[in-house]
Each structure stands twice: as C-alpha cells, then as structure tokens.
Amino acid sequence: MKLSNQKKPIKSIIKQLRSLHRQKDFVGLEEASRKYLDYYENNPEIQNFLGAALSGQELYQDAFVYFFKAVVDSESSFSKSRYLSNIGVSYLKLDDQKNALNYLTKAVTEDEENVNALFNQANAMRNLGQVEQSLEVYQKVMSLDPKHANSVMFYSLALKVLGRFEDSRKSAFKALSLSPQWGTVHRHLSSMIDYSKDKNHLVQMESLIKGDDLSDEDKMNLFFAISKALEEIGNYKDSFNYLSKGNNLARKGVEFSTEHSNNYFRLMKEAFSKDFFESAETHNSLGEGIIFVLGMPRSGTSLVEQILASHSKVFGAGELRHYRRCIDKFYFEIKGKKFPKNFRSHSLDLVDEVGKHYEEMISDIRGDSPFFVDKMPYNFMYIPLIKLSLPKSRIVLCERDPLDNCLSIYKQKFGVGNAYAYSLEELGNYYNSYRELTDQWKSLLGDQVFCLNYEGLTKTQKEVTENMLDYCGLEWEESCLDFHKTNRNNKTASSVQVRRPIYTSSIKLAEKYEEELKPLFKILNSEEKSYED
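Scoring rules and cut-offs
As a convention, each chain's residues are numbered from 1 in the sequence order in which they are written. Residues qualify for local features only when their pLDDT is at least 70, as the model is predicted, and side-chain atom pairs are given and counted only at 80 or more; totals for whole chains, interfaces and linings, by contrast, use all residues. Hydrogens are left out, water is left out, and the side-chain values use all remaining heavy atoms of the structure. Throughout, exposure labels follow a simple rule: accessible area from a 1.4 Å probe, protein chains only, divided by the maximum for the residue type, with under 20% read as buried, over 50% as exposed, and the rest as partly exposed. Numbering of helices and strands runs from the N terminus, with a helix taken as a DSSP run of H or I at least four residues long and a strand as a DSSP run of E at least two residues long. Any two strands with at least two DSSP bridges between them are considered paired. Known as pLDDT, the predictor's per-residue confidence is scaled from 0 to 100. What makes two residues a contact is simply this: any of their non-hydrogen atoms within 4.5 Å. Aromatic pairs are defined between Phe, Tyr and Trp rings, using the six-membered ring for Trp, whenever the two ring centres lie within 6.5 Å; interplanar angles under 30 degrees are classed as stacked, those over 60 as edge-to-face, and all others as tilted. In this scheme, Lys NZ or Arg CZ marks a charge over a ring once it lies within 6 Å of the ring centre and within 35 degrees of the ring normal. Residues grouped as a nonpolar core are buried Ala, Val, Leu, Ile, Met, Phe, Trp, Tyr and Cys residues, joined through side-chain atoms within 4.5 Å.

J.: Outline the pairing of strand 3 (residues 371-374), listing residues and values.
T.: Of the two faces of strand 3, the one lined by Phe371 and Val373 and the one lined by Phe372 and Asp374 are each fully buried. Two strands pair when backbone bridges link them, and strand 1 (residues 290-295) and strand 3 are joined in this way by three bridges, in the parallel orientation. In the strand pairing of strand 3, Ile291 is matched with Val373. With three bridges joining them, strand 2 (residues 314-316) and strand 3 adopt parallel strand pairing. Residue pairing in the sheet places Gly316 in a bridge with Val373 of strand 3.

J.: Break down the confidence of the model for the protein chain for me, with residues and values.
T.: Low pLDDT means the predicted coordinates in that region are not meant to be read closely. Chain-level pLDDT for the protein chain is 93 on average; 95% of the residues reach the 70-or-more range. Note that residues 1-5 has pLDDT below 50 and, in this model, six contacts with residues that lie over four places away or in other chains.

J.: Tell me what's going on with the environment of Ile386, and back it up with residues and numbers.
T.: In this fold, Ile386 is placed in helix 20 (residues 383-389). Here Ile386 falls in the buried class, since its relative accessible area comes to 0%. Each residue touching Ile386, except ones within four places of it in the same chain, is listed here: Phe292, Leu294, Tyr323, Asn379, Pro391, Ser393 and Ile395.

J.: Give a detailed account of the packing of aromatic side chains, specifying residues and quantitative values.
T.: Across all of its chains, the model carries 33 aromatic pairs by this definition. Summarising the aromatic geometry, the rings of Tyr420 and Tyr430 are spaced 3.9 Å apart at their centres and angled 0° between planes, so their arrangement reads as stacked. Of the two residues, Tyr420 is situated in the loop between helix 21 (402-410) and helix 22 (424-445) and Tyr430 in helix 22; the sequence distance between them amounts to 10 residues. A cation over a ring is seen here: Arg394 above Tyr471, with NZ or CZ 5.7 Å from the ring centre.

J.: Quick rundown of the nonpolar core? Include the residues and the values.
T.: The tendency in soluble globular proteins is for nonpolar side chains to be buried side by side. Counting residues in each nonpolar core, the largest one holds 169 residues, and the members touching the most others are Phe272, Leu308, Tyr323, Tyr331, Phe339, Phe380 and Val396. Tallying contributions element by element places helix 22 first for this core, with nine residues.

In structure tokens:
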C-alpha cells in the first residue's frame, strides 16, 4: 500500500505518534515522524509531532522549523492554535519569556478556548512580572476547566507573589481538593502557615505521609513541608529527620560534582588574579545606577533588595540571568576552552561589549528608573568582571553566619539549580569555595564592594541601611525602614519573609541542630579541597 496516495494519514498513524509522545519516547517519535513525512509531505500534524519530538530532546531550533511549517500548512484555527502554543512552550523551556508570550498570545487569538495555550500564556505573564494580568488568564482557564489543577496551583503561586497570602492559601487548599497527595502544593502551602498557631495542616500531612502510594516527588515535598511545620512547634529532632529524608530524595534527582565546582572557582580566581586585575584598564563609564545584590542564596539578598526597592528612585528586578547570558554571548568557546578558562584568550575590549549588552538587555525592564537592582545571588562569581564591564555599578555582597546560611539552604527545596544544596557535605564544600572566591574579590576591590552582614542588619537596621544607601548614591528615605509595607512582586523563596518587619528568629537557629549539623560544622572549618584533573 502506498501511503503517499492518501491525502491524510490514517488514524492509526496519528494514534501511534500520539502514543509515542505520551510515553515521552522522543527519539522513537522523531524516527516515526520523519518516516511518515516521507509519505505525507507537508502534513501539519506530523510536522507538529516531529517538532514535539525535537523539542523533547532540547533541540529547540530544529523544532521551530517544523512547528512553523505546521503553522503555515495548518487547515484550521483550532490546529494553528495548537502549533503556535507548542512554539510558545518551547520558548518557555528556553526561558525566552517575551517570545513565549508572543506566540502563546497568537495561539489564544486563534482559539480563545485553548486551555493549554491560556495556561502557559498566564505562566509567561507571571514570569515577566505581569502578575496581576496573569491572574485574569488563570481565572479564564479555571472557568473553562474547573478541574485544571495546575491553573489552580499557579493561581495560588501568583497570589503569593503579590503578597495576597490569605487568597493564596484558599487557592492552594482548592488545588489539594483536586489532588490531595500533591506534595508541591503542600510544601507551597506550608510556607504561608504558622504551625505554632494552627496544626491542622500538619496533622493532614503526617497522615498522608504514612500512605504507601505516594510518588517520590510527593514524598520529598511533604518531607520538606512537615520539617518546616515541626520546627515551628519546637520539635527540632523530628524536624531534622524529615529534612534529611527530603534532601536525600531531592539529591537523587540532580547531578553535582564538588570537584567540578571547585575547579570552576579555581579557574575564576586564576582568570581574575591580582596581577591581571591591577594591570587591566577599561575606559567605559557604564553601569550608572545599577546595583548588584549578590551572595549565597538565603544570605539576605531578598531582604536587601526589598529594602532598596522601597526607595522611590529604585526598581527591584529580582533574580535575572542576564549577566551570565552576556558572558555566554561574548566569551564563546575557543579551542575547546570555555569561560572562565578562555577569558584571557579573548580581547580585553570585550568587557565593554558585555557591559553595553547588559544595559541593552535590562533597558525594557528598567524603563526610566534612575536605579535598578539585579538580585541574582550567583553573580558573586563574576564580581571582578562586573566592575570591569560596568565600572559605575554598585555591588552589595550579602554575608551571613556560615552555619545559619547553610542550614537555611538545606531547609529549602529549590525549583531548579542549586544542586549542591541537598547534601550537607556538598553544601559545606560549596560554601567554603564561595568564601575563598569572595575573599579574593574583596581583596582585589576593597571598598568598591559593600559587604552587608545579615546579623548586623537585624541588630542595627537603620545604621546599616543608611550606610548601604550612601554607598549606592541614594538619599535616605524612611520607606526603606518600612520595607515590609512595600507593594511589589517577589517570586523568591523569601516572598513571605520580606513582607514582615526585621526579625531575629533565624539567627543562631543552627544551634538547635547542633548534633545533626556536626558534619557540616567540621567541613566549614576544614581547609581540605579536591579538584578535577
């Protein structure tokens, strides 16, 4: 039988491709789609499946070719909407939120009841800071499909970003009514409950965790949530027991090498040595009004950004990946050498290009704001390069008691990245590498970096805030003391905490876990290091 004689593929072929897609067998789906395209040239449905197969293998640029072909050859608005939605979702995976929103909006224009397109359109809006607008779209999804649990959950997340915690809690409970074992929702909900006042949710979670039909993902999230609850009622021993279980499960799902991490930090120190930095000269005047708030996660970076963003002249942009993207763009691989190993293989003039490109990248977000805060913690790695490429920028390095800082990281289940966080040994070694690296940067730059001590901020809030504002070139404003009243989006793990006045309950919290943290304490006080060959 010659399949090419038929105008459209028979139903069994589409069923086969759909089955491969459902099984996430993207290699098999690619192979089958290419085979059938030989017979059904320009068939949009098969082109769409091939695009999905390539996207599933993270071959996004190749996937776009077939998605766009499917759009061109589509025979109905309904189909075109699906194909445009797939383009938008691929851009979401690439973290290109603008293009994602563009194509998802086009998808919704073609089919106003495309639930998947609407849901992802709302996600793109939320990611771009259009949180209020995203609420309306999530609501539309829920009106079309009241049992669309993901929309109920993400609606709750958006409300939390806006500081509407009571509404967020209600939505989270609604999500649990649709999926009672959903560990992610339990963990999200736990961040907004004070268990010293209300133990009902803790009782619910403790009952749930005894079941034998939970996935590892749900177990992991429940372990973190129960640990948080038990800590708040003073049951530290059991709290840490659950915390360890949660971290052990989280560690299974990530790849991390202490040797690789140490090697990267060593190469950074070699690339930006004292001799090099003292001889390096740049002549640009970029970076005016840009403030980088950085340091280890959970070191107070969100709090500091909230304080700065409470000033009338400051816009807080949150955690941006823009600076790292500038590095990737200009310091491309040379003869097998990647950044930072290739830094000196490139012209020093590139630092100016990095600075210019960064300013271009943030221009839409910054608008006409005189001051702009980039709160990506991991920019601590690039402090010397920041000062070379954006010499007029200001750098606030947040520092905290090492043991408390590491405990706070260990207590947090991160969305992506931070792979070192789920093992006390790996966490301690990473912290030591961070401390060595930033010690070198402080030695190089002196008072060009403002070192803000978290414990000092909690004790003498006004004095430390005044000093920081002065360093940044900002006049005093009383609103910076009342930062918790500032109405702004906060998408970080600290979105609840930054809407509270300064508190000290987390200081010396590690002392409550003295016995459990002995291995971490030993590593933090060790000078041993290991590197890759």
